[in-house]
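Residue-level structural notes
For reference, the chains in residue letters:
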Amino acid sequence: MNHSFEVDGVEYKLWMSRYRENYRLCLHDRVIAPIAFSDRGDGHGVVTIANESRPIRFAIDGETVHVHISGETRSLRYRDPLRTLATSKQEISQAVARAPMPGVVVVTRVSSGQSVCAGTALMTIESMKLETVIRSPQDGIVDRIHFEEGESFEQDAVLVTLIEERS
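Notes on the structure follow. Since we're looking at a predicted model, the values are computed, not measured.

Cut-offs used in this document
Residues numbered from 1 in each chain as written. Predicted model: local features only at pLDDT ≥ 70, side-chain atom pairs only at ≥ 80, totals over all residues. Heavy atoms only, no water. Helix = DSSP H or I, 4+ residues; strand = E, 2+ residues; numbered from the N terminus. Buried < 20%, exposed > 50% of the residue type's maximum accessible area, 1.4 Å probe, protein only. Contact = heavy atoms within 4.5 Å. Areas by Shrake-Rupley, 256 points an atom, 1.4 Å probe, with all protein chains shown as cover. Core = buried A, V, L, I, M, F, W, Y, C linked by side-chain atoms within 4.5 Å. Pairing = 2+ DSSP bridges. Salt bridge = Lys/Arg side-chain N within 4 Å of Asp/Glu carboxyl O. Phe/Tyr/Trp six-rings, centres within 6.5 Å; stacked < 30°, edge-to-face > 60°.

**Some words on the overall build of the protein**
- Regarding its fold elements, the protein presents one helix and 17 strands.
- By the burial criterion, 32% of the 167 residues in the protein qualify as buried.
- When contacts within the protein are restricted to residue pairs at least 6 apart in sequence, those whose partners lie at least 24 apart make up 40%.
- With an accessible surface of roughly 10300 Å², the protein has 49% of that area assigned to carbon and sulfur atoms.

In structure tokens form, the structure reads like this:
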């Protein structure tokens, strides 16, 4: 899954995938593997990158993660890819829910013309054996469902289009 962090005003995009019993981290065009993290509780842990382990202290405050490692402290602001893509607007009166990664539609939970609230589950998708619920970015009416169950799509594809309810 793609992730995005902001550190000191600079955005870093990364991708993590399973690699044997750990993970592989792709940062820009650089691959770092294996990586692992073990949480020891109370904001302490150990991070292992390319077989080098270091103690780490961390605190999570909403979407900000404060990390202290190797004598340095950094604050990372996590940018949720689902929220970022889902809130992309085509027009003022129209919003879309976008695919955060390539995948396939597992189940559609709404139908065209249905009224939904922000956060309503619109559909469940699967990517790399991971199921993700796509939620409505705002209140509205389902205008169009772009993919049927079993159909595959690419990252950033528009999955569901919503229109504002008219009063």
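**Quick look at the nonpolar core**
- M123, F153, L159 and V160 are the most contacted members of the largest nonpolar core, which totals 16 residues.
- Of all the secondary structure elements, the ones that give two or more residues to this core are β13 (121-127) and β17 (158-163).
- Sequence-distant contacts of L159, defined by excluding residues within four places in its chain, comprise A97, R98, A99, M123, I125, I134, R144, I145, H146, F147 and F153.

**Details of the environment of V116**
- Among the secondary structure elements, V116 is positioned in strand β12 (residues 115-116).
- The spatial distance from the C-alpha of V116 to the C-alpha of P137 is 9.8 Å, given a sequence separation of 21 residues.
- Residue contacts for V116: discarding those within four places in its chain leaves V110, L122, S136, Q138, D139, G140, V142 and L162.

**Considerations on the sheet that holds β13**
- Reading across the sheet, the four strands line up as β14-β13-β11-β16 and stay open at both edges, with antiparallel pairing between neighbours. Each end of this open sheet is capped by a strand with a single partner; those strands are β14 (130-135) and β16 (152-153).
- Note that strand β11 (residues 103-108) and β13 share four bridges and pair antiparallel. Directly across from T108, in β13, lies its bridge partner M123.

**Thoughts on the side chain of T48**
- Position of T48 among the secondary structure elements: in strand β5 (residues 44-49).
- Each residue touching T48, except ones within four places of it in the same chain, is listed here: P34, I35, A36 and S53.

**Comments concerning the pattern of salt bridges**
- For the coordinates displayed, the defined rule picks out three salt bridges.
- As a salt-bridge pair, R54 and E52 come within 2.7 Å of each other at their nearest N and O atoms.
- Assessed through its relative accessible area of 36%, R54 is described here as partly exposed.
- Here E52 falls in the partly exposed class, since its relative accessible area comes to 43%.
- Across the pair D156 and R98 runs a salt bridge whose closest N-O atoms are separated by 3.9 Å. In this pair, D156 is assigned in the loop between β16 and β17 and R98 in strand β10 (residues 94-98), connecting sequence segments 58 residues apart.
- Residue classification places D156 among the partly exposed positions, given a relative accessible area of 36%.

**Notes on the packing of aromatic side chains**
- Scanning the model with the defined rule gives two aromatic pairs in all.
- Both rings, one in F37 and one in F58, keep their centres 5.6 Å apart while their planes meet at 70°; by these two values the pair is edge-to-face. With F37 in strand β4 (residues 30-41) and F58 in strand β6 (residues 52-61), this pair connects stretches of sequence that are 21 residues apart.
- Under the relative-accessibility criterion, F58 is labelled buried at 19%.
- Ring centres 5.7 Å apart and planes at 55° place the aromatic pair F147 and F153 in the tilted group. An identical accessibility class is assigned to F147 and F153; each is buried.

**Quick look at the pairing of strand β8 (residues 72-79)**
- Pairing between strand β7 (residues 64-69) and β8: six bridges, direction antiparallel. The residue bridging V67 from the neighbouring strand is R74, located in β8.
- Linking β7 to β8, which pair antiparallel, is a turn of two residues; within it S70 sits at a positive phi near 50°.

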